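These are the residues of each chain, in order.
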Amino acid sequence: MNSMNASYDFRGAVALVTGGASGIGEACVRALAAAHAQVVVADLTLEAAERLAGELDDGSGRVVPAQVDVSDQARVEALGAHIEATLGRLDLAVNSAGIGVTNQPVVDHDPEMWRNVLAVNLDGTFLSLRMELDLIRRTAGRGSIVNLASVLGHRGWAGSAAYVASKHAVIGLTRTAALENAEQGVRVNSVSPGFIETPLLVERHDAEARAAMGALHPVQRLGSPEEVAATVLWLLSDSAAFVTGADVAVEGGFLSR
Ligand code: NAI
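> Just give me the short version of the overall build of the protein, but keep the residues and values in it.
A tally of regular secondary structure across the protein gives eight helices and seven strands. What you see for the protein is a C-alpha radius of gyration of 17 Å, in line with the 18 Å of a compact globule of 257 residues. Overall, the C-alpha framework of the protein stretches about 50 × 40 × 40 Å when taken along its three principal axes. Looking at the 257 residues of the protein, the share that counts as buried comes to 49%. Split by element, the accessible area of the protein, about 11600 Å² in all, is 53% carbon and sulfur. Across the protein, the centroid of the 19 positively charged side chains sits 4 Å from that of the 30 negatively charged ones.

> Give me the layout of surface pockets: which residues, what numbers.
One water molecule sets the probe size; rolling that probe over the atoms shows where empty space is left. The space that makes up the largest pocket amounts to roughly 1200 Å³. Elements represented by at least two residues in the lining of the largest pocket include exactly helix H1 (23-34), helix H5 (161-181) and helix H6 (199-202). A breakdown of the residues in the lining of the largest pocket according to their chemical character gives 24 nonpolar, 16 polar and five charged.

> If you had to explain the site of the ligand to someone new, which residues and values would you point to?
Neighbouring the ligand are 27 residues, the closest being Ser-22, Ile-24, Asp-43, Tyr-163 and Thr-198. Note that an oxygen atom of the ligand is positioned 2.8 Å from one of the backbone N or O atoms of Ile-196. The protein chains hide 92% of the 830 Å² of surface that the ligand would expose on its own. When atom positions are compared with the pocket grids, the ligand is found to occupy the largest pocket. Among the elements of the structure, H1, H5 and H6 are those that each provide at least two residues to the shell around the ligand. Here the shell around the ligand gets three residues from one element, more than from any other, and that element is H6. Class assignment of the residues belonging to the shell around the ligand gives a composition of 16 nonpolar, eight polar and three charged.

> I'd like a description of the packing of aromatic side chains, backed by residues and values.
Inspection of every chain in the model, using the stated rule, returns four aromatic pairs. Judged by centre distance (6.3 Å) and plane angle (40°), the rings of Trp-157 and Phe-254 are tilted. Of the two residues, Trp-157 sits in the loop between strand S5 (143-148) and H5 while Phe-254 sits in the segment after strand S7 (247-250), which places them 97 residues apart along the sequence. Ring centres 5.6 Å apart and planes at 85° place the aromatic pair Phe-195 and Phe-254 in the edge-to-face group. Pair noted here: Phe-195 is in the loop between strand S6 (186-193) and H6 and Phe-254 is in the segment after S7, with a separation of 59 residues, a long-range link. Residue Phe-195 shares its accessibility class with Phe-254, and that shared class is buried. An aromatic cluster is present here, built from Trp-157, Phe-195 and Phe-254 joined pairwise through their rings.

> Outline the pairing of strand S2 (residues 38-43), supporting the account with residue identities and numerical values.
For S2, the buried fraction is high: five of the six residues fall into the buried class. Crossover strand S1 (residues 14-18) to S2 through H1 is right-handed. Pairing of S2 with strand S3 (residues 63-67), which is carried by five bridges, proceeds in the parallel orientation. Following the sheet pairing, Val-40 is matched in S3 by Val-64. The handedness of the S2 to S3 crossover, carried by helix H2 (residues 46-56), is right-handed.

> So what about unusual backbone geometry? Which residues, and what values?
For residues other than glycine, phi is negative in most cases, and the peptide bonds are mostly trans. Phi is positive for His-36, close to 75°, though the residue is something other than glycine. Classification of His-36 by relative accessible area gives partly exposed; the value is 31%.

> Can you tell me about empty space enclosed by the protein, naming the residues and giving the values?
Evaluated as defined, the whole model comprises one cavity of 30 Å³ or more. Of the voids in this model, the largest cavity is the one considered here, and its volume is about 30 Å³. What lines the largest cavity is simply Val-40, Val-64, Ala-66, His-82, Ile-83, Thr-86 and Leu-87. Looking at the lining of the largest cavity, the elements that each hand over two or more residues are S3 and helix H3 (73-87). Here the element with the most residues in the lining of the largest cavity is H3; it accounts for four residues. Here the residues of the lining of the largest cavity sort into five nonpolar, two polar and no charged.

> Go over the side chain of Thr-18, please, and point to the residues and values.
Summarising the element assignment, Thr-18 is placed in strand S1. Of the residues examined, Thr-18 reaches a relative accessible area of 3% and is grouped as buried. Each residue touching Thr-18, except ones within four places of it in the same chain, is listed here: Ala-42, Val-70, Val-94, Asn-95, Ser-96, Ala-97, Ser-128 and Glu-132.

What counts as what
Residues numbered from 1 in each chain as written. Predicted model: local features only at pLDDT ≥ 70, side-chain atom pairs only at ≥ 80, totals over all residues. Heavy atoms only, no water. Helix = DSSP H or I, 4+ residues; strand = E, 2+ residues; numbered from the N terminus. Rg over C-alpha atoms; globule rule 2.2 N^0.38 Å. Buried < 20%, exposed > 50% of the residue type's maximum accessible area, 1.4 Å probe, protein only. Areas by Shrake-Rupley, 256 points an atom, 1.4 Å probe, with all protein chains shown as cover. Lys, Arg positive; Asp, Glu negative; His and termini not counted. Charge placed at Lys NZ, Arg CZ, Asp CG, Glu CD. 1 Å grid on protein atoms, 1.4 Å probe; cavity = no way out; pocket = protein on both sides within 12 Å on 5 of 7 lines; lining within 4 Å. Points joined across faces, edges and corners; volume = space filled by probe spheres on them. Nonpolar A, V, L, I, M, F, W, Y, C, P; charged D, E, K, R; others polar. Near = heavy atom within 4 Å. Polar contact = N/O pair within 3.5 Å; in protein donor to acceptor, adjacent residues only side chain to side chain. Sits in = over half its atoms within 2 Å of the grid points. Phe/Tyr/Trp six-rings, centres within 6.5 Å; stacked < 30°, edge-to-face > 60°. Right-handed = clockwise from strand over helix to strand, strands pointing away. Pairing = 2+ DSSP bridges. Contact = heavy atoms within 4.5 Å.

These results come straight from atomic positions and should not be treated as a statement about function.
Below, the structure written as structure tokens:
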């Protein structure tokens, strides 16, 4: 066993991962599948979700691809109805779908980009959470949900106002949903990664810029998607049964500076 992967057993549980075809979401899908959950890989492009499901599924239909645009209420509700009709239940969810921004100070910020980032990162998390809470409460009865926030949900970052605002809001949304669902047995937490080497980062920053970003973390490197997934799986598991409304930083000391 890889020392990073505690041996969770999610047998019998159905898990949904939005943004599941890439980066942190993909690492969560891989870890959940390895821990015997039935996993729905939901992403903007069905082909990408199908590729990952095809790689991981052993023919038993345990890894299921699905298309969703989390910013579109009708698509999110259709995904919930599809999960209920085909799998009958939902126990666990990871809301990882998210987009970054190109560098734009507030004074020059394109309002269209602002709306796009908020639509995916904040509305998308809200719409997914709303569907997941309803489905978990009506089917499994209890469960656990993890939202992807960010270290940029805890501090400012010049040039990234929309992203920073969306991630601060995800933390507040998480806390409130946790309060509203604690008695029903559905835990809601967020994870705040530091800079993680995923396509979201690699597509926007060259190797030199990424090295400089790594050096911003006291551990002197970027994080890996697997390191974030390890904390997400802990929060999904009963090992975290007394943890709800929390934001867990996975950031090599970034916020302690
Ligand atoms: P990524 O770009 O590798 O993966 C994001 C996935 O979300 C992609 O597969 C994309 O197709 C999907 N997606 C985008 N818009 C969507 C939509 N409207 N509906 C459904 N799916 C959609 O990104 P990464 O790095 O894995 O990020 C995942 C989450 O973690 C995001 O919420 C991001 O803000 C957050 N995060 C990432 C950090 C990083 O340094 N990479 C740091 C902190 C937080």
